[in-house]
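The lines below spell out each chain.
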Amino acid sequence: MFIVMSIFFSYQDTPAFFSFPPLPPSEQYGNLLISRTSEKHNMKPVAFSHWSHRMHYTCRVCHLELEFNMQLNTTEITEEDNKSGKFCGVCHDGEIAFGHTKENCDKCHNGDISYGYEKFVKLKDFPKTRFGNRIDWTAAIQTGLIKPKTFISTPPADMSFDKELELKAENFLIPPAVFPHSAHVKWLDCANCHPDVFNIKKKTTKHFSMSFCLRGEFCGLCHLKTAFPLNDCKRCHPDMSEDIK
Ligand code: HEC
Ligand code: HEC
Ligand code: HEC
Ligand code: HEC
Ligand code: HEC
Ligand code: HEC
């Protein structure tokens with residue numbers, strides 16, 4: 001009991017209990033510089049921002065239908081694919097969004113992690129949160145402020161599953177984490193999480209803990225890089241008394 005209590009108090013008193021990766025400025029959170037092959041071909045790395053794309057499309061569209069991996073520089077995107085209407089070229093075809101013509105190369109190949117900053121500034125009236133993009137994306141989609149498309153050509157199957165799970169840590173006197181399926185299935189397909197990231201049976205996923213999340217596994221797959229970051233304790237542990245920065 002003593003050990004349990006001391007851990008309980010240490011998370012409250014010492015922000016150093018977990019070490020978080022440093023957060024970029026809000027307009028750069030979720031921005032990527034894709035450079036698996038660009039530089040080898042004397043092209044600058046490709047700028048891609050999650051905030052500008054998720055206003056129009058759910059995660060499912062890119063990470064299931066269009067087969068982009070959720071890990072930087074692992075998808076084998078080529079200029080030829082893009083030009084023939086795959087990957088970025090599904091939308092960057094000169095109709096839905098700017099295409100692959102000479103004058104547009106450096107809209108993508110610019111090596112600028114804050115590319116599009118002036119558009120981010122226009123989102124200042126979006127509902128706010130404290131971390132990440134500092135935009136409450138849950139509220140933005142729930143209130144209909146944004147209506148991202150959920151598919152390009154293959155509509156999702158029934159996505160009405162809305163069970164909320166309480167994930168209680170063993171051996172820790174910590175208010176449980178909640179996992180709301182409803183907030184997730186607005187963005188993601190079941191197949192984005194099941195069975196690769198999480199088992200489909202509650203409390204059977206092994207090594208489910210903050211330290212694994214902080215290494216980018218489980219919840220940390222998305223909640224370090226794109227969805228609100230792990231710093232935002234109360235959004236997952238709603239009964240926690242105070243946030244730790
Ligand atoms: C318009 C397409 C698109 C949308 C929409 C999109 N992503 Fe991505 N995402 C990408 C691309 C492209 C990459 C980089 C893949 C690569 O380099 O292999 C990526 C990478 C990622 C990564 C890895 C980042 C890293 O630094 O390793 C995560 C996590 C991720 N996306 C989560 C999400 C989540 C969560 C959503 C929905 C809120 C989302 N994505 C919506 C295209 C998209
Ligand atoms: C909509 C964004 C976008 C536009 C516009 C674009 N590219 Fe790319 N391009 C990419 C992405 C993403 C990759 C993959 C980058 C990587 O992994 O390094 C890529 C890769 C490349 C590569 C790497 C080698 C290969 O063949 O795949 C070359 C060369 C290239 N692009 C040339 C161009 C040229 C020239 C233009 C203008 C005519 C252009 N790109 C326009 C997104 C774009
Ligand atoms: C599912 C459709 C879709 C896919 C896939 C997609 N984009 Fe886009 N992209 C768009 C749309 C639509 C816009 C215009 C957004 C706007 O005007 O706000 C855009 C805008 C952009 C911009 C300009 C950002 C700005 O300032 O508005 C860049 C850069 C970009 N995309 C890069 C990429 C790259 C690189 C990829 C592939 C790795 C990619 N996009 C894949 C739809 C897509
Ligand atoms: C963002 C990730 C994510 C998405 C998307 C997701 N789930 Fe889950 N799901 C989880 C997690 C986390 C658990 C709990 C796993 C554990 O405790 O080991 C879970 C558990 C479950 C369970 C077991 C519940 C119980 O009480 O035992 C079912 C059934 C389930 N999911 C179905 C679905 C279906 C159907 C969809 C799509 C409509 C879906 N999930 C989408 C993350 C997700
Ligand atoms: C595949 C990506 C992904 C994974 C894995 C994931 N989430 Fe999320 N989660 C999201 C996205 C996207 C949102 C929408 C909010 C945002 O983007 O900031 C979200 C929202 C939430 C919310 C809603 C908060 C609110 O606004 O009310 C909670 C709580 C949450 N996640 C907890 C978890 C927990 C706990 C886990 C691990 C068991 C987890 N998530 C795993 C992508 C993911
Ligand atoms: C994205 C959701 C999410 C966020 C944000 C989050 N946690 Fe957790 N936390 C979890 C999950 C899921 C578990 C594991 C529950 C289980 O064991 O089933 C957990 C477990 C814990 C535990 C138990 C020990 C351990 O390592 O598993 C502690 C302590 C904890 N969290 C503290 C925090 C603190 C402090 C913050 C903010 C700095 C925070 N959490 C933010 C989801 C989250």
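Reading the values: the criteria
Residues numbered from 1 in each chain as written. Chains lettered and ligands numbered in written order. Predicted model: local features only at pLDDT ≥ 70, side-chain atom pairs only at ≥ 80, totals over all residues. Heavy atoms only, no water. Near = heavy atom within 4 Å. Polar contact = N/O pair within 3.5 Å; in protein donor to acceptor, adjacent residues only side chain to side chain. Helix = DSSP H or I, 4+ residues; strand = E, 2+ residues; numbered from the N terminus. Nonpolar A, V, L, I, M, F, W, Y, C, P; charged D, E, K, R; others polar. Buried < 20%, exposed > 50% of the residue type's maximum accessible area, 1.4 Å probe, protein only. Pairing = 2+ DSSP bridges. Donors = N, O, S within 2.8 Å, 3.2 Å for Na, K, Ca; no water. Tetrahedral: all angles 85-135°; square planar, octahedral: opposite > 155°, others 65-115°. Salt bridge = Lys/Arg side-chain N within 4 Å of Asp/Glu carboxyl O. Domains from an automatic or database assignment. Contact = heavy atoms within 4.5 Å. Buried area = accessible area lost by both parts, 1.4 Å probe.

**Let's talk about the site of ligand 3**
Here's step 1: Not every one of the 20 residues close to ligand 3 is listed here, only the nearest: His53, Cys88, Cys91, His92 and Lys119.
Here's step 2: Within the side chain of histidine 53, a nitrogen or oxygen atom sits 2.8 Å from a nitrogen atom of ligand 3.
Here's step 3: A distance of 2.6 Å is found between an oxygen atom of ligand 3 and a side-chain nitrogen or oxygen belonging to lysine 119.
Here's step 4: Those elements giving two or more residues to the shell around ligand 3 turn out to be strand E2 (46–49) and helix H5 (105–108).
Here's step 5: Counting residues per element, the shell around ligand 3 draws most heavily on E2, which supplies three residues.
Here's step 6: Considering only residue class, the shell around ligand 3 consists of 14 nonpolar, four polar and two charged.

**Thoughts on the pairing of strand E3 (residues 164–167)**
Here's step 1: Only one face of E3 is covered, namely the one carrying Leu165 and Leu167; the face carrying Glu164 and Glu166 has none of its residues buried.
Here's step 2: Here four bridges tie E3 to strand E4 (residues 177–180), and the two strands are oriented antiparallel to one another. Bridge pairing in E4 links leucine 165 to phenylalanine 179.

**Details of the coordination of the iron atom of ligand 1**
Here's step 1: On the protein side, the iron atom of ligand 1 has His50 (NE2) and His63 (NE2) as donor atoms, found 2.0 Å from it.
Here's step 2: Each of the six donor atoms bound to the iron atom of ligand 1 contributes to angles spanning 89 to 179°, and the resulting shape is octahedral. Here histidine 50 is found in helix H2 (residues 50–54), whereas its partner histidine 63 is found in helix H3 (residues 59–65), with 13 residues between them in sequence.

**With respect to the pattern of salt bridges**
Here's step 1: Applying the stated criterion across every chain, the model contains six salt bridges.
Here's step 2: With its nearest N and O atoms 3.7 Å apart, the salt bridge here joins glutamate 65 to arginine 60. As far as burial versus exposure is concerned, glutamate 65 and arginine 60 are alike and both buried.
Here's step 3: Residue aspartate 81 is joined to lysine 86 by a salt bridge in which the shortest nitrogen-to-oxygen separation is 3.5 Å.
Here's step 4: For aspartate 81, a relative accessible area of 15% corresponds to the buried category.
Here's step 5: Overlapping salt bridges bring together Arg60, Glu65 and Asp189 as one network.

**Quick word on the coordination of the iron atom of ligand 5**
Here's step 1: Taken together, His184 (NE2) and His223 (NE2) make up the protein donors of the iron atom of ligand 5, found 2.0 Å from the metal.
Here's step 2: For the iron atom of ligand 5, the six donor atoms in the first shell make angles of 87 to 180° at the metal, so the coordination geometry reads as octahedral. Of this pair, histidine 184 sits in helix H8 (residues 181–185) while histidine 223 sits in the loop between helix H10 (210–214) and helix H11 (233–236), placing them 39 residues apart in sequence.
Here's step 3: For histidine 184, a relative accessible area of 21% puts it in the partly exposed group.
Here's step 4: Here histidine 223 falls in the buried class, since its relative accessible area comes to 11%.

**Some words on the domain arrangement of the chain**
Here's step 1: For the chain, the assigned domains read domain 1 (2–20 + 157–236) and domain 2 (26–121).
Here's step 2: The gap between the C-alpha centroids of domain 1 and domain 2 is 29 Å.
Here's step 3: Tallying the contact residues gives 15 residues for domain 1 and eleven residues for domain 2.
Here's step 4: Of the roughly 1,100 Å² buried between domain 1 and domain 2, counting both surfaces, carbon and sulfur atoms make up 60%.
Here's step 5: Its largest share of buried area at the contact with domain 2, domain 1 owes to Trp187, Asn192 and Thr226, together 51% of the area lost on that side.
Here's step 6: When the shortest N-O distance is used, the salt bridge between aspartate 189 and arginine 60 registers 2.8 Å.
Here's step 7: Between the two partners, domain 1 and domain 2, sit eight residue pairs in polar contact (both at pLDDT 80 or more).
Here's step 8: Classifying every residue of the side of domain 1 that touches domain 2 by side-chain character gives nine nonpolar, three polar and three charged.

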